[in-house]
Amino acid sequence: MASPSRRLQTKPVITCFKSVLLIYTFIFWITGLILLAVGIWGRVSLENYFSLLNERATNIPFVLVGTGTIIILLGTFGCFATCRASAWMLKLYAMFLTLIFLVELVAAIVGFVFRHEIKNNFKNNYENALKEYNTTGDYRSDAIDKIQNTLHCCGVTNFRDWQDSNYYVEQGFPQSCCKLEDCSPRRDADKVNNEGCFIKVMSIVESEMEVVAGICFGVACFQLIGIFLAYCLSRAITNNQYEIV
């Protein structure tokens, strides 16, 4: 059995770790809310761009929403484990944090490695959607109209891309290419925007994704602190139990 003075020295350490870990868990819980909000925001604001990528790319916002939800639940569990001062629950909490960190690390590496492939995939799908453009409510055609209206652009690289489409042969430029609202451009190149959409879309997506990547990177690094704190508190509690015995 350890001396009473040593047990008294251990208790302040446990109290200190519990306080710091509770603060960390609360902040970690908030980051889950942020990821959840970013995922919802990405789904709403970047929907047009994701719809011109492959089907797997459209799941990116849902991945962020799912990750944010898991972090919120895990943060709640971590708070409960810390308040209970349960060594095995804290070890489980640290293990879950490590698992999520590894998943985020792998996802970041994959995204970085295949970033150029994503660009090429977007450009190819945009060109194919442009060639098959119609006004019958096809979701890719709707996405093209929204992008061209929002960014004031026309075609992939420039307005001449439309000249290779079936729609242009039948009706000319779409109304979404117009410089002014409610115009009927037909084949009049002076009435349409000259700049293509690809460069504009990529600049917007890259700037927005930098924000998302920065938030995800910050959350991942922040988890390392939680892993360390949970492990140290669990060890301190275990040592204190041995000292009492």
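These figures come from a predicted structure and were not determined experimentally.

S.K.: Explanation requested: the overall build of the protein in the structure shown.
M.R.: Each helix and strand in the protein was counted, giving eight helices and zero strands. If you list the helices and strands of the protein from N to C, you get α-α-α-α-α-α-α-α. Here the protein, with 245 residues, has 40% of them falling under the buried criterion. The contacts in the protein between residues at least 6 apart in sequence include a share of 70% that link residues at least 24 apart. Summing over all exposed atoms, the protein offers an accessible surface of approximately 14100 Å²; the carbon and sulfur share of this is 63%.

S.K.: Would you mind showing me how to read the pattern of salt bridges here?
M.R.: Side-chain pairing between opposite charges can occur once the charged atoms of the two side chains come close. Enumeration over the complete set of coordinates arrives at one salt bridge. Between Lys200 and Glu195 there is a salt bridge, with the nearest N and O atoms lying 3.7 Å from each other.

S.K.: How should I be thinking about the packing of aromatic side chains in this particular structure?
M.R.: Given two aromatic rings, their pairing is described by the distance between the two centres and the angle made by the two planes. Evaluation of the coordinates by the stated rule reveals six aromatic pairs. Seen in terms of ring centroids, Tyr24 and Phe28 are 5.7 Å apart; in terms of plane orientation they differ by 10°. Their pairing is stacked. One end of the pair, Tyr24, and the other, Phe28, are both in helix H1 (residues 4-45), four residues apart, so they sit about a helical turn from each other. Residue Tyr24 shares its accessibility class with Phe28, and that shared class is buried. With a centroid separation of 6.1 Å and an interplanar angle of 55°, the aromatic rings of Phe159 and Phe173 are classed as tilted. Of this pair, Phe159 sits in the loop between helix H6 (139-151) and helix H7 (166-171) while Phe173 sits in the loop between H7 and helix H8 (198-244), and the two are 14 residues apart along the sequence. Residue classification places Phe159 among the buried residues on the basis of a relative accessible area of 10%. Residue class for Phe173 comes out buried when judged on its relative accessible area of 3%. Cluster of aromatic residues (ring-pair linked, three or more members): Tyr133, Trp162 and Tyr167. The ring of Phe198 carries Lys123 above its face, with NZ or CZ at 5.3 Å from the centroid. Directly above the aromatic system of Tyr168 lies the positively charged group of Arg187, at a separation of 5.5 Å from the ring centroid.

S.K.: What am I meant to see in the state of the cysteines here?
M.R.: Joining two cysteines, a disulfide is a covalent bond between their sulfur atoms. Tallied over the entire structure, the rule returns two disulfides. Disulfide partner of Cys153: Cys197, at an S-S distance of 2.0 Å. Between Cys153 and Cys197 the sulfur-sulfur dihedral comes to about 100°; the bridge is accordingly right-handed. Here the residue Cys153 occupies a position in the loop between H6 and H7, and Cys197 occupies one in the loop between H7 and H8, the gap between them amounting to 44 residues.

S.K.: Mind showing me how you'd approach the side chain of Gln148 here?
M.R.: Mapping Gln148 onto the fold places it in helix H6. For Gln148, a relative accessible area of 1% translates into the label buried. Not counting residues up to four positions away in its chain, the partners in contact with Gln148 are Tyr126, Cys153, Cys154, Gly155, Trp162, Pro174, Ser176, Cys177 and Cys197.

S.K.: I'm lost on the environment of Lys123 in this one. Help?
M.R.: Secondary-structure assignment places Lys123 in helix H5 (residues 115-131). Since its relative accessible area comes to 27%, Lys123 is described here as partly exposed. Between the C-alpha atoms of Lys123 and Val156, which are 33 residues apart in sequence, the distance is 7.5 Å. For Lys123, the contacting residues outside a window of four places in its chain are Val156, Thr157 and Phe198.

S.K.: I tried to follow the environment of Tyr93 on my own but got confused; where do I start?
M.R.: Tracing the chain through its elements places Tyr93 in helix H4 (residues 87-113). Using a relative accessible area of 0% as the deciding quantity, one classes Tyr93 as buried. Put simply, Tyr93 and Tyr231 are 138 residues apart on the chain and 8.9 Å apart in space, counted from C-alpha to C-alpha. Beyond its immediate stretch of four places on either side in the chain, Tyr93 contacts Leu21, Tyr24, Thr25, Phe28, Leu74, Phe77, Gly78 and Ala230.

S.K.: Teacher, can you tell me more about the nonpolar core here?
M.R.: Considering soluble globular proteins, one finds that nonpolar side chains tend to be buried as a cluster. Ranked by size, the top nonpolar core spans 25 residues in total, and within it Leu21, Tyr24, Phe28, Tyr93 and Leu97 carry the most contacts. Those elements that provide at least two residues to this core are H1, helix H3 (60-84), H4 and H8. With eight residues, H8 is the single largest residue contributor to this core. Not counting chain neighbours up to four residues away, the residues in contact with Leu21 comprise Thr82, Leu90, Tyr93, Gly226, Leu229, Ala230 and Leu233. By size, the runner-up hydrophobic cluster in this structure holds 23 residues, among which are Ala129, Tyr133, Cys153 and Phe173.

S.K.: I tried to follow the confidence of the model for the protein on my own but got confused; where do I start?
M.R.: Reading predicted coordinates in detail is not appropriate for stretches of low pLDDT. Mean pLDDT over the protein: 78, with 82% of residues reaching 70 or higher. The model gives residues 1-8 a pLDDT under 50, and that stretch makes ten contacts with residues more than four places away or in other chains.

Criteria and cut-off values
- Residues numbered from 1 in each chain as written.
- Predicted model: local features only at pLDDT ≥ 70, side-chain atom pairs only at ≥ 80, totals over all residues.
- Heavy atoms only, no water.
- Helix = DSSP H or I, 4+ residues; strand = E, 2+ residues; numbered from the N terminus.
- Buried < 20%, exposed > 50% of the residue type's maximum accessible area, 1.4 Å probe, protein only.
- Contact = heavy atoms within 4.5 Å.
- Areas by Shrake-Rupley, 256 points an atom, 1.4 Å probe, with all protein chains shown as cover.
- Salt bridge = Lys/Arg side-chain N within 4 Å of Asp/Glu carboxyl O.
- Phe/Tyr/Trp six-rings, centres within 6.5 Å; stacked < 30°, edge-to-face > 60°.
- Lys NZ or Arg CZ within 6 Å of the ring centre and 35° of its normal.
- Disulfide = S-S within 2.5 Å.
- Core = buried A, V, L, I, M, F, W, Y, C linked by side-chain atoms within 4.5 Å.
- pLDDT = per-residue confidence, 0-100.

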